[in-house]
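# Commentary on secondary and tertiary structure
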Amino acid sequence: MAIDDPRGTSPCDEPATSRRDIDAARLVGDERLPCGRLVSHVWDRARAAGDQADPHQADCTFCRQALEGLTALDNATRTLRGERPSAHTVAERVVRAVRAEVRLGRMLPLDDPARELRIAQTAVAKVLRRAADRVPGVRAASCRLSLDQSNTEVTIAMTLATTLDQPLPPRAAEVRRAVAYAAREELGLAVSGIDLKIVSVLEPLKSTASAEPAPQNGRGR
Amino acid sequence: MTAVDTTGVERAAAQAALAVAGVAELQPSLRQCLADAAIRARQALGSCAPPPEAGIRAEYTPRTGAWHVEVRCAVNDDRRALDIARDVHDYVRAAVSPHVTRNAIQGPVTIVVSVTRITGRRPSLNPGTTDL
């Protein structure tokens, strides 16, 4: 609590009109609480009393609530006064906020024509990539989503890295099923098609090795 | 004519959206984030988390009496995103109705729900046998 902070406002015996610092209580000081005390009086008494509790304020809900609010306001004004962010700092914060917004990607419609429900492209791609990754020997490399002309259905285009220890067509079919299931059951997306492209090869899993297959560079198809 | 209570609408919408099972949090809009970039009053007040209403944008068009309410939410993955969004839509519509009908001109109310993020991780899912 900042009541005893020497950097704070002037002591209680100083007339309010002579204070030069910004005091939280000055904003509402003339307001009278339901218990009859002025807000500025409660604030001044609390600041002056220190550890010696005022018997009235100790028992009065109105005074306590006013004091808590003023303490928070006082802390806020001091922090804002002391922070004084530079233009560079503010610019960095603005850029960070805009980047976070851009990262969401475009909004895609969820499958409910009666309501306006949307989901961020990045959220969809994350779920679909995870679904592809669940298929043994497969890692999703990219996931692109595009709306059809009616703006109600989504086409999914994924590139994959796979091991070559199994024929590719059944493995691709398994990925297609997993992705379709995730789109329908985890998201609720209307999907018009799923295009898969295998673009690189993974080392096959070894029984004693890590469960994560390692991609080989430069062997794309 | 009664004053337009945009803050009341946003507050009611936020409370309704957060009451839906599966809603993790409401995500502040870009407008709110940009405002926060310039002013960090919340930190001074001892809270870094934005108020729930920051994830709601309510706009009133006086000429038509129409309300547009947008809800941006992050959801958990223990329910289908579509089902959560539907519930948010219906809960918010019900919650804001008493507020928006106070105005002299009563126009249409549009509720838009945007899922911005899916949090958590399901333990496992068994892909179905249905193909596209």
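Residues numbered from 1 in each chain as written. Chains lettered and ligands numbered in written order. Predicted model: local features only at pLDDT ≥ 70, side-chain atom pairs only at ≥ 80, totals over all residues. Heavy atoms only, no water.

Looking at an unreviewed UniProt entry, one finds chain B named Asp23/Gls24 family envelope stress response protein and attributed to Wenjunlia tyrosinilytica.

For chain A, an unreviewed UniProt entry supplies the name Asp23/Gls24 family envelope stress response protein and the organism Wenjunlia tyrosinilytica.

Along its length, chain A carries 7 helices and 5 strands. Secondary structure of chain A in N-to-C order comes out as α-α-α-α-α-β-β-α-β-β-α-β. By residue count, 39% of the 221 residues in chain A fall in the buried class. Across chain A, every contact between residues at least 6 apart in sequence was considered, and the portion connecting residues at least 24 apart equals 52%. Of the roughly 12,500 Å² of accessible surface on chain A, 51% is carried by carbon and sulfur atoms. (Helix = DSSP H or I, 4+ residues; strand = E, 2+ residues; numbered from the N terminus. Buried < 20%, exposed > 50% of the residue type's maximum accessible area, 1.4 Å probe, protein only. Contact = heavy atoms within 4.5 Å. Areas by Shrake-Rupley, 256 points an atom, 1.4 Å probe, with all protein chains shown as cover.)

Time to look at the pattern of salt bridges. All told, the structure shown has 15 salt bridges over all chains when counted by the stated rule. Between Asp112(A) and Arg115(A) there is a salt bridge whose closest N-O contact spans 2.6 Å. A single salt-bridge network, built from bridges that share partners, covers Asp112(A), Arg115(A), Arg80(B), Asp83(B), Arg86(B) and Asp90(B). (Salt bridge = Lys/Arg side-chain N within 4 Å of Asp/Glu carboxyl O.)

A cluster of nonpolar side chains, contributed by Val94(A), Val98(A) and Val102(A), occupies part of the molecular surface with about 220 Å² of accessible area. Mapping Val102(A) onto the fold places it in helix α5 (residues 87–103). (Patch = residues over 30% accessible without salt bridge, like charges linked within 9 Å, V, L, I, M, F, W, Y side chains within 5 Å.)

Turning our eyes to something else, we now look at the nonpolar core. Of all hydrophobic cores here, the largest spans 63 residues; its most connected members are Ile119(A), Leu128(A), Ile156(A) and Val92(B). What Ile156(A) contacts, discounting residues up to four positions off in sequence, is Leu128(A), Cys143(A), Arg144(A), Leu145(A), Val179(A), Ala183(A), Val191(A), Gly193(A), Ile194(A) and Asp195(A). If you look at the next biggest cluster of nonpolar residues, it comprises 10 residues, including Leu33(A), Val42(A), Cys63(A) and Leu67(A). (Core = buried A, V, L, I, M, F, W, Y, C linked by side-chain atoms within 4.5 Å.)

This next bit is on the sheet that holds strand β4 (residues 154–162) of chain A. Residues and elements named next belong to chain A. Strand order in the open sheet formed by 3 strands is β3-β4-β5, with mixed pairing between adjacent strands. Lying at the two open borders of the sheet, with one neighbouring strand each, are β3 (138–147) and β5 (191–201). Averaged over all pairs of adjacent strands, the angle between strand axes in this sheet comes to 20°, irrespective of strand direction. Pairing geometry for β3 and β4, over 9 bridges, is antiparallel. Among the inter-strand pairings, Leu145 is bridged to a residue of β4, identified as Ile156. Each of β3, β4 and β5 is contacted by helix α7 (residues 168–187), which is oriented at about 135° to β5, the strand it contacts most. (Pairing = 2+ DSSP bridges. Axes fitted to C-alpha atoms, helices over the stretch in contact; angles between N-to-C directions.)

A word on the environment of Arg130(A). Secondary-structure assignment places Arg130(A) in helix α6 (residues 121–133). Counting along the chain gives 52 residues from Arg130(A) to Ala182(A), while the straight-line C-alpha distance between them is 9.0 Å.

Turning our attention to the environment of Ala58(B). Within the element layout of this structure, Ala58(B) appears in strand β2 (residues 56–61). Distance in space between the C-alpha atoms of Ala58(B) and Gly8(B) is 9.6 Å, their sequence separation being 50 residues.

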